[in-house]
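# Coordinate inspection notes
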Amino acid sequence: MDQNRSDHMKTRYMPLKASQTKENAKQTGYVDLGLLCIVLILVGFGLVMLYSTSAYNGLIKFQDAAYYLKKQLFATILGVGVMMVVANIDYHFWERFAVLAYIVSLILSGLVLVVGSEINGSKRWLALGPLSFQPSEYAKVAVILFLAFLIVRNVKKMGKIKTMFLIMLSVLPIVGLVGTNNLSTAIIILGIAVILIFVASPKYMQFIGMGALGVGFIAIFLSLESYRLERLAIWRNPEAYEKGYQTLQGLYAIGSGGVFGRGLGESMQKLGFVPEAQNDMIFSIICEELGLVGAVLVILLFLLLIWRLMVIAGNATDLFGALIVTGIMGHMAIQVILNIAVVTNTIPNTGITLPFISYGGTSVLFLLAEMGLALSISSQVKEVSPPKA
Amino acid sequence: MLRNKTYNRKKILIIFICCFLVLGALAGRLIYLMLFQSEYYQEQADALHERERSIKAARGKIIDANGTVLATNRTVCTISVIHSQIKEPEVIISKLSEILGMDEETVRKRVEKNSSIERIKTNVDKEIGDEIRNLGLAGVKVDEDFKRYYPYSTLASKVLGFTGSDNQGIIGLEVKYEEYLKGIDGTILTLTDARGVEIADAGEDRIEPVPGNDLYISLDSNIQKYCEQAAQKVMEQKSADAVSVLVMNPQNGEIMAMVNVPEFDLNDPFTLNTSVDTTGMTEEQKQDLLNQMWRNRCINDTYEPGSTFKIITAASGLEEGVVHLDDQFSCPGFRVVEDRRIRCHKAGGHGGETFVQGIMNSCNPVFIDVGLRLGVDNFYKYFNQLGLLSKTGVDLPGEAATIMHKKDNVGPVELATISFGQSFQITPIQLATTVSSIINGGTRITPHLGVEVKNTGGDPVKTLTYPTKEHIISEETSETMQYLLEQVVKEGSGNKAYIPGYKIGGKTATSQTLPRSAHKYISSFLGFAPADDPQVLCLLIINNPQGIYYGGTIAAPIVKDIFGNILPYMGIEQRFTEEETQENNIGEITMPDLMGKTKEEMQEILKEFELGVSCIGEEGTVTDQFPLAGETISKTSNVIVYLE
């Protein structure tokens, strides 16, 4: 890391507009409006769908149709604020906290195992008075920062298998801690790590070997516990298993959608048939209400988001920024792909939320913070040009 | 500073392309699910969401021979509260308890119960339901429903039957004609959430119910009413256990009245009609009592017919030619059959008598002789031929079968007792039907109530037909039987049923129930009129009368009373023979003109007639008279004369 620059940057952690007045040539004041628009559309659309899916559950459980919407709205407003603030802070500011952030995530993830509050049978939340906080959501951001930091430090040795393994090894503690009660997030974290190492490494062949190794590892992992194999069986034929209920209900919702859907708010499956429709299975309700057209538009929206992130990553002024955005992009991509794949029963069921749309305050808050980071990185891009392959 | 190198960008692009491909594949998966599998999943989902709620079909009416409705439906309401929609619980509690006449605590409990829907009261009158609906209380639901209603409550209770809570017939015609009466329930297809709660604003698919068809029966409520009153009266007078009356058309088997007193209230069929104390009884015992109350003795129970059965013995004997009207018999007061001495009801015996006199006297030895002359084979041949050993096929449920000796076990003693109607049991309907068939010219008819089935609009759906069997005895024998039985009423043991101007045939019976030691009797009379062209047959059975128990003494007068009323009602006119006209002083005169006559002159004129005269005023001339001069009046009328 260029120490001089780092020192220099210290003096200019201030809002974007203010920074424009500074004479620093590197600062162009560019903000990726495309990304911002896509994020805001997703957040707005997410709130609408969240209300649609959660109104029934809110009414039944809390006698308030807007119960979930209110909580999500609060997190979203907070999140947009955080996004704005983060967008206006030079991302290098976070570099020095990378290791600390990672350690904090380890502590919080450990803490949640001890004093976490249980919701729906999972101990994933830390209660802070009236608010609850999900450390695993924070852990994703922390890992992105930490790995970006670590890779930049070891960039010369990235071609070496040893380095790769060491870096992988460094995230295993958090993967282990989070994975204890939230396997899905652990997989996401692992996925982000793999993507970052892949992007940072100049080589290709290693990754083919690594991929093969991963497949083998997954096979062993699945066969270790019989319930994981059962999940596979349910995946292949959800109608034959009682535990296939959620999957099947999701499929009913998707299938009922047809081309144009039942219409916004008209879902039947959200009325208790798809359990907790505002959570992981929200995409199935989108399919039911908005049809194939709506569902494909949502996928396109996410693809646009990932594309913008790719553009920012490709044009980031330095590797640290590029890696952070790549991590964010990986995060988005993995989560969207896994969620839709689960909902459509393309892969076995595992609890993964749909970014910006599924219910979850911590998730939205940190997703927006990540978007803030990406915006901040985009603001230092000199000129935007499509990445050259 | 570390630059973002080309290979980094390349790899980022690779990641993006991977994402693009995977998301594309997922979109493909969605196309597969939402276009090609859509129908399948849609169907599955619909099956999950749809709930069918049935709409009760109105049950068909039961309508008597005059068009009087005997069974119909009444709209009743069910009042319930939907907990989540209640806004003013206190108002609801006070209003409902006031209007429904319920205990406030009970209402409060139900209103405050946290359930999705709670029933407050069922079977509420429509007026009250409307009143509550008009209050417009949020959360209070008034549902309309049909309830079976019998306008004459106890009339022909055991014949009509009643329905259960599911509107299905339980006894009587309601069971027998269930398929015509019940109609087809409609359905409302609604959508429900996962808890099964209906979604209020979801579009409803409705299949309208098809109301049941109306059943037209031969029963005449006027005749039924009169017979019920007569039966009730004699039951009370004789402190009898029960009285049954069966009135039918012997020509076609149409039942005009079927009485089994005590009757019960069809609108409240689960309350006993007696003051039996049921406290401490098991449910089973209570149910037994109810079953007893619901029994239609005319059909469900058998009894020893006694002397009325001599009609069958006589008809068989005549048909077989083993006896003729002028055959001579002698009755010493008993007949010894094998080792048994079988007594006649007249201790001293009837002495020498013809067959005609024998039947008029209801002489047991005469019928023992006839029975023995017939022999077992012949007797049973006629039982079969007359249809006595099978059920009548009446269109009411639970008809009991004849309990007759096995043919192989019938020796002379059994044969002798069968001849005068003892040692076996048949149902009243069987006796009435068999006698009808003997006196109607020899056609075995099927007794029945159902005549026609029509839809709600009055269009015929089905005309009910019943099997008949012709020539079960010859017309000649039939006519002879008509004559013989007319003699019984005219001058024999049935003379208490004699009505001047009507040819009435009949036979009395007094039988002892089993065990004989209990000294309980069944007193009965079977009559029909006109004897030479029977239009109506009436069987009256008094169960366990106290005091005098002879059928000829207590049952015959009741049938006379019934005939005296229903024959004119049926349009059968009195026709007097010369003898009867004189004997009963029957005839008509033209009222003479008495106006202006003195009292003496008036008395002179009226002397010719046997009119009862009342004078208003002491002396003077006639200023007014009633009836007026020239009017045709009965010979025995009373006239009023005003003198001034």
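Please read all numbers here as calculations on a predicted model, not as lab measurements. (Residues numbered from 1 in each chain as written. Chains lettered and ligands numbered in written order. Predicted model: local features only at pLDDT ≥ 70, side-chain atom pairs only at ≥ 80, totals over all residues.)

### Some points on the overall build of chain B
Inclusion rule: Numbering of helices and strands runs from the N terminus; a helix is a DSSP stretch of H or I covering at least four residues, while a strand is a stretch of E covering at least two. Three classes are used. A residue is buried when 20 or more other C-beta atoms lie within 10 Å of its own, exposed when 12 or fewer do, and partly exposed in between, with C-beta atoms placed from the backbone.
On a plain count of helices and strands, chain B comes out with 20 helices and 24 strands. By residue count, 41% of the 644 residues in chain B fall in the buried class.

### Regarding the overall build of chain A
A count of helices and strands for chain A gives 14 helices and 3 strands. Evaluated residue by residue, chain A yields a buried proportion of 50% over its 389 residues.

### With respect to the packing of helix α8 (residues 183-200) of chain A against helix α1 (residues 6-36) of chain B
We apply this condition: Note on definitions: angles span 0 to 180 degrees between N-to-C directions of axes, and those axes are lines fitted to C-alpha atoms, for helices only across the stretch in contact. Any angle that is under 35 degrees is reported as roughly parallel, and any over 145 degrees as roughly antiparallel; angles of 65 to 115 degrees are reported as roughly perpendicular and all others as oblique. Placing a C-beta atom from the backbone of each residue, one calls two residues in contact when those atoms lie within 7 Å. Gly counts as polar in this scheme, as do all residues outside two lists: the nonpolar Ala, Val, Leu, Ile, Met, Phe, Trp, Tyr, Cys and Pro, and the charged Asp, Glu, Lys and Arg.
Running from N to C, α8 of chain A and α1 of chain B point in directions that differ by 140°, and their axes come no closer than 8 Å. The orientation of α8 of chain A with respect to α1 of chain B, classified from their angle, is oblique. Facing Ile 195, Phe 198, Val 199 and Ala 200 of chain A of α8 of chain A, the residues of α1 of chain B in contact are Asn 8, Lys 11, Ile 12 and Ile 15 of chain B. Classifying every residue of the contact of α8 of chain A with α1 of chain B gives 6 nonpolar, 1 polar and 1 charged.

### Concerning the packing of helix α11 (residues 245-257) of chain A against helix α2 (residues 38-49) of chain B
Rules: For any helix crossing, the convention is left-handed if the near helix is rotated counterclockwise from the far helix by under a right angle, and right-handed if that rotation is clockwise.
Running from amino to carboxyl end, α11 of chain A crosses α2 of chain B at an angle of 115°, the nearest separation of the two axes being 7 Å. Our pair here, α11 of chain A against α2 of chain B, has a crossing hand that is left-handed. Across from Leu 251, Tyr 252, Ile 254, Gly 255 and Ser 256 of chain A in α11 of chain A, the residues of α2 of chain B making contact are Ser 38, Tyr 40, Tyr 41, Gln 42, Gln 44, Ala 45 and Leu 48 of chain B. Residues belonging to the contact of α11 of chain A with α2 of chain B are distributed by class as follows: 7 nonpolar, 5 polar and no charged.

### Things to note about the sheet that holds strand β10 (residues 255-261) of chain B
Residue and element names in this part refer to chain B. For clarity, the cut-off: Criterion used throughout: strands pair if DSSP finds at least two bridges between them.
The 5 strands are arranged β10-β9-β19-β18-β17 in an open sheet whose pairing can be described as antiparallel. The open sheet has two edge strands, β10 and β17 (505-512), and neither has a second partner. Going across the sheet, the axis of each strand differs from the next one's by a mean of 5°, ignoring polarity. By the bridge criterion, 8 bridges tie strand β18 (residues 521-529) to strand β19 (residues 536-543) in an arrangement that is antiparallel. The residue bridging Ser 523 from the neighbouring strand is Ile 542, located in β19. Contacts from helix α18 (residues 551-569) reach β17, β18 and β19 within the one sheet, and its direction differs from that of β18 by about 35°.

### Looking at the sheet that holds strand β24 (residues 638-643) of chain B
Residue and element names in this part refer to chain B. If you trace the 3 strands from one edge of the open sheet to the other, you get β21-β24-β22, paired in mixed fashion. For this open sheet the edge positions go to β21 (612-616) and β22 (622-626), each flanked by a neighbour on one side alone. For this sheet, the mean angle separating the axes of adjacent strands, direction not counted, is 20°. Relative to β24, β22 runs antiparallel, the two sharing 4 bridges. Looking at the pairing, Asp 624 lines up with Tyr 642 of β24.

### So, the nonpolar core
Operational definition: In this description, a nonpolar core means buried residues of the types Ala, Val, Leu, Ile, Met, Phe, Trp, Tyr and Cys, linked to one another by C-beta atoms lying within 7 Å.
Counting 128 residues, the largest nonpolar core has Val 143 and Ile 189 of chain A as its most contacted members. Not counting residues within four places of it along the chain, the set of residues in contact with Val 143 of chain A comprises Tyr 102, Val 171, Ile 174, Ile 189, Ile 192 and Ala 193 of chain A. If you look at the next biggest cluster of nonpolar residues, it comprises 122 residues, including Cys 298, Ile 299, Val 366 and Ile 426 of chain B.

### Some words on the interface of chain B and chain A
Across the boundary between the two partners, chain B contributes 38 residues, which contact 51 residues of chain A. For the side of chain B that touches chain A, the secondary-structure elements that each account for two or more residues are α1 and α2 of chain B. Partitioned by chemical class, the residues of the side of chain B that touches chain A number 24 nonpolar, 7 polar and 7 charged.

### A look at the confidence of the model for chain B
Residues and elements named next belong to chain B. Under the convention used in this document: Confidence per residue, as judged by the predictor, is encoded in pLDDT with a range of 0 to 100.
The predicted model of chain B has a mean per-residue pLDDT of 88, with 97% of residues at 70 or higher. Within chain B, the element-level pLDDT minimum falls on helix α19 (residues 578-583), averaging 68, and the maximum on strand β8 (residues 214-217), averaging 96. Under the prediction, the complex receives an ipTM of 0.88, its pTM being 0.63.

### Considering the pairing of β24 of chain B
As paired strands, β21 of chain B and β24 of chain B are joined by 5 bridges and run parallel to one another. Each residue of the ladder has a partner; that of Cys 615 of chain B, found in β24 of chain B, is Val 641 of chain B.

### What about α8 of chain A?
Quick reminder of the rule: Helix span, as expected, comes to 1.5 Å for every residue beyond the first.
Across its 18 residues, α8 of chain A extends 26 Å between first and last C-alpha, which sits within 8% of the 26 Å expected from 1.5 Å per residue. Within α8 of chain A, 14 of the 18 residues are buried, which leaves it mostly tucked inside the rest of the structure.

### Examining the environment of Glu 289 of chain A
Residue and element names in this part refer to chain A. Here Glu 289 lies in helix α12 (residues 282-315). When the 26 C-beta atoms within 10 Å are taken as the criterion, Glu 289 is described as buried. With residues up to four places along the chain from it excluded, the contact list for Glu 289 reads Ser 52, Gly 261, Arg 262, Gly 263, Leu 264, Gly 265, Glu 266 and Ser 267.

### Digging into the confidence of the model for chain A
Residues and elements named next belong to chain A. Overall, the predicted model of chain A reaches an average pLDDT of 84, with 88% of residues at or above 70. Scored below 50 in pLDDT, residues 1-27 shows 27 contacts in the model against residues more than four places distant or in partner chains. Note on residues 384-389: pLDDT is under 50 here. Beyond four places in sequence and across chains, it has 11 contacts.

### What to know about the environment of Tyr 56 of chain A
The topology assignment puts Tyr 56 of chain A in helix α3 (residues 33-62). Residues contacting Tyr 56 of chain A, with those up to four places away along its chain left out, are Lys 270, Leu 271 and Gly 272 of chain A together with Asp 193 of chain B.

### A look at unusual backbone geometry
Looking along the chain, the bond that leaves Val 261 of chain B and enters Pro 262 of chain B is cis, with omega of 0°. Mapped onto the elements, Pro 262 of chain B comes out in the loop between β10 and α10 (283-294). Omega for the peptide link from Leu 514 of chain B to Pro 515 of chain B comes to -10°, which places this bond in the cis form. With respect to the helices, strands and loops of the structure, Pro 515 of chain B is situated in the loop between β17 and β18. With a phi close to 55°, Gln 63 of chain A is a non-glycine residue in the positive phi region. Checked against the element boundaries, Gln 63 of chain A lands in the loop between α3 and α4 (67-87). On the neighbour-count criterion, Gln 63 of chain A (9 C-beta atoms within 10 Å) is exposed. At Glu 338 of chain B, a residue that is not glycine, the phi angle is positive and equals roughly 50°. Mapped onto the fold, Glu 338 of chain B is located in the loop between β12 (334-337) and β13 (340-343).

### Focus: α4 of chain A
Residues and elements named next belong to chain A. Applicable threshold: Each direction from the helix axis to a C-beta atom contributes to the arc, which is the arc of those directions.
Here α4 spans 30 Å end to end across 21 residues, near enough to the 30 Å set by a 1.5 Å rise per residue. Every buried residue belonging to α4 is among Tyr 68, Leu 69, Gln 72, Ala 75, Thr 76, Gly 79, Met 83, Val 86 and Ala 87, and all of these are buried. Seen from one end, α4 has its buried residues packed into an arc of 130°, which puts them on one side. The secondary structure elements touched by the buried residues of α4 are α3 and α14 (361-378).

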